[in-house]
Amino acid sequence: PGVEGEDIPRQKTIEIEPGLRSYTPSMVYRGMMIGNRAITQKDVEDWIDWMAKNRLNYCNILSWHWDSMPKMLSTKLISEIEKRDMIWDFGHHSFHYFISYHFKKGSQAENCKAWFKEHPEQSALKDGKRLPPEAEGQLCLPDSGVFETIVRNITSFIREYPKVDIITMMPN
């Protein structure tokens, strides 16, 4: 995306035969993920513009970097997606994001540490030990508290961002 991603042939004239043209994509969702910590407002504008020009209709915003992204940038990203009527998917490997969503103390890693301190029983058990998130610990899915917490936190997220179309959930 951006200037590097464009190849525009130069011609003196462009001839288009008269008639009606329609395009029906073979896939319903055509898009890409955005989640790099180092993106700028210009990157957001370039990427979403490039996606629209290439008939992409879907944008997955990774949860990993959402809380560390400046608010102005996340607002711009959502605005650009909505302006082009794209599908906004939030999440990807987002179990840890949503289990620790209510902490809002810092990065996802910091929030997960705070969650694990309060609820070690909700972290996966391996060889008799509960694994913290930073040790690539997964959630203990049979624990009913995990499911209830994730549902409550996704509901809060949707209230905060009502225009999200899809929440993607995958183990980390």
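Going by the structure above, here's the rest.
Residues numbered from 1 in each chain as written. Predicted model: local features only at pLDDT ≥ 70, side-chain atom pairs only at ≥ 80, totals over all residues. Heavy atoms only, no water.

**Thoughts on the overall build of the protein**
No. 1: Scanning the protein for helices and strands turns up five helices and six strands.
No. 2: Listing every helix and strand of the protein by position from the N terminus yields β-α-β-α-β-α-α-β-β-α-β.
No. 3: Here the protein holds 172 residues, and 40% of them are scored as buried.
No. 4: For the protein, the accessible area works out to roughly 11,000 Å², and carbon and sulfur atoms hold 55% of it. (Helix = DSSP H or I, 4+ residues; strand = E, 2+ residues; numbered from the N terminus. Buried < 20%, exposed > 50% of the residue type's maximum accessible area, 1.4 Å probe, protein only. Areas by Shrake-Rupley, 256 points an atom, 1.4 Å probe, with all protein chains shown as cover.)

**Details of helix α5 (residues 144–160)**
No. 1: End to end, α5 covers 25 Å across 17 residues, agreeing with the expected 24 Å (1.5 Å per residue, within 8%).
No. 2: Taken together, the buried positions of α5 are occupied by Gly145, Val146, Thr149, Ile150, Asn153, Ile154 and Phe157. Viewed end-on, α5 has its buried residues packed into an arc of 155°, placing them on one side of the element. For α5, the exposed residues lying more than 90 degrees away from the buried face are Phe147 and Arg159. (Expected span 1.5 Å × (residues − 1). Arc of directions from axis to C-beta.)

**Here we look at the sheet that holds strand β1 (residues 31–34)**
No. 1: Pairing is parallel across the open sheet formed by four strands, whose spatial order is β1-β2-β3-β6. Unpaired on one side and paired on the other, β1 and β6 (166–169) mark the two borders of the sheet. Neighbour-to-neighbour, the strand axes of this sheet turn through a mean angle of 25°, independent of strand direction.
No. 2: For strand β3 (residues 87–92) and β6, the ladder comprises four bridges, and the chain directions are parallel. Its bridge partner being in β6, aspartate 89 is matched across the sheet by isoleucine 166. (Pairing = 2+ DSSP bridges. Axes fitted to C-alpha atoms, helices over the stretch in contact; angles between N-to-C directions.)

**Let's talk about the packing of aromatic side chains**
No. 1: Taken as a whole and judged by the stated rule, the model has ten aromatic pairs.
No. 2: Considering the side-chain rings of phenylalanine 90 and phenylalanine 98, the 6.0 Å spacing of their centres and the 75° angle between planes classify their relative orientation as edge-to-face. There is no split in this pair, since phenylalanine 90 and phenylalanine 98 are both buried.
No. 3: Between tyrosine 97 and phenylalanine 98, the aromatic rings sit 5.1 Å apart at their centres with planes inclined by 90°, giving edge-to-face as the arrangement.
No. 4: On the basis of relative accessible area, tyrosine 97 is assigned to the buried category, the value being 2%.
No. 5: Above the face of the tyrosine 23 ring, arginine 55 is positioned so that its terminal group lies 4.2 Å from the ring centre. (Phe/Tyr/Trp six-rings, centres within 6.5 Å; stacked < 30°, edge-to-face > 60°. Lys NZ or Arg CZ within 6 Å of the ring centre and 35° of its normal.)

**Looking at the pattern of salt bridges**
No. 1: A complete count under the given rule lists eight salt bridges for this structure.
No. 2: With a shortest N-O distance of 3.3 Å, lysine 76 and glutamate 45 are connected by a salt bridge. Residue lysine 76 is located in helix α2 (residues 71–83), and its partner glutamate 45 is located in helix α1 (residues 41–53); the two are separated by 31 residues in the primary sequence.
No. 3: Given the relative accessible area of 27%, glutamate 45 is considered partly exposed. (Salt bridge = Lys/Arg side-chain N within 4 Å of Asp/Glu carboxyl O.)

**Some words on the nonpolar core**
No. 1: Formed by 32 residues in total, the largest nonpolar core has its most connected members in Ile48, Trp66, Trp88, Phe90 and Phe157.
No. 2: When contributions to this core are tallied by element, the ones reaching two or more residues are α1, β2 (58–62), α2, β3, α3 (95–99), α4 (108–118) and α5.
No. 3: Other than its neighbours up to four places away in sequence, phenylalanine 90 contacts Asn60, Ile61, Leu62, Ser63, Trp66, Tyr97, Phe98, Phe157, Val164, Ile166, Ile167 and Thr168. (Core = buried A, V, L, I, M, F, W, Y, C linked by side-chain atoms within 4.5 Å. Contact = heavy atoms within 4.5 Å.)

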